[in-house]
Amino acid sequence: MIEVKNKDDEFYQFVVKSATGKVLLESVEFKDSKSLEHTLNELKNVNLPTKRFERKTNFEGKFLFNLKNDEGTVIGSSGFYNSEAGMENGIKNLRNILEP
């Protein structure tokens, strides 16, 4: 499920949630709805290659990932996961929602 938010009429953002309602990815802020829609259309029309996912670990040992566009710019980030396997499952779930 993809939710689009308009915060204070200043910027737009999308959130991708699993079937259970867990946030899988929260996007960066977009200045207008056209930019947001363009990004969503790009995501829905491609198979997401592994290189578009940047896997990271924070200073507390929690795992997260960033999703990048074709130019390598981060367009969204996940929440924190307690394990690497949990993070990989989050990526898998995100792909199942976004990929055609």
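Structure: see above.
Residues numbered from 1 in each chain as written. Predicted model: local features only at pLDDT ≥ 70, side-chain atom pairs only at ≥ 80, totals over all residues. Heavy atoms only, no water.

Asker: So what about the pairing of strand β2 (residues 11-17)? Which residues, and what values?
Answerer: With respect to burial, β2 is a largely interior element, 6 of its 7 residues being buried. In terms of strand pairing, strand β1 (residues 2-7) meets β2 through 6 bridges, oriented antiparallel. What sits directly across from Lys5, in β2, is Gln13. Where β2 and strand β3 (residues 23-27) come together, 3 bridges link them in antiparallel fashion. Its bridge partner being in β3, Val16 is matched across the sheet by Leu25. Connecting β2 to the antiparallel partner β3 that follows it, the hairpin turn spans 5 residues, and Gly21 within it adopts a positive phi of roughly 95°. (Buried < 20%, exposed > 50% of the residue type's maximum accessible area, 1.4 Å probe, protein only. Helix = DSSP H or I, 4+ residues; strand = E, 2+ residues; numbered from the N terminus. Pairing = 2+ DSSP bridges.)

Asker: Now, about the pairing of strand β4 (residues 53-57): what can you tell me, with residues and values included?
Answerer: Regular strands place their side chains on alternate faces of the sheet. The sheet contact formed by β4 and strand β5 (residues 63-68) spans 5 bridges and is antiparallel. Paired with Arg55 across the bridge in β5 is Phe65.

Asker: Tell me about the side chain of Ser27, residues and numbers included.
Answerer: Counting through the fold element by element, Ser27 comes out in strand β3. According to the relative accessible area criterion, Ser27 is buried, its value standing at 4%. Looking at Ser27, its side chain comes within polar contact range of the main-chain nitrogen of Phe14, at 2.8 Å. Those residues in contact with Ser27, other than ones at most four positions away along the chain, are Gln13, Phe14, Ile75 and Gly76. (Polar contact = N/O pair within 3.5 Å; in protein donor to acceptor, adjacent residues only side chain to side chain. Contact = heavy atoms within 4.5 Å.)

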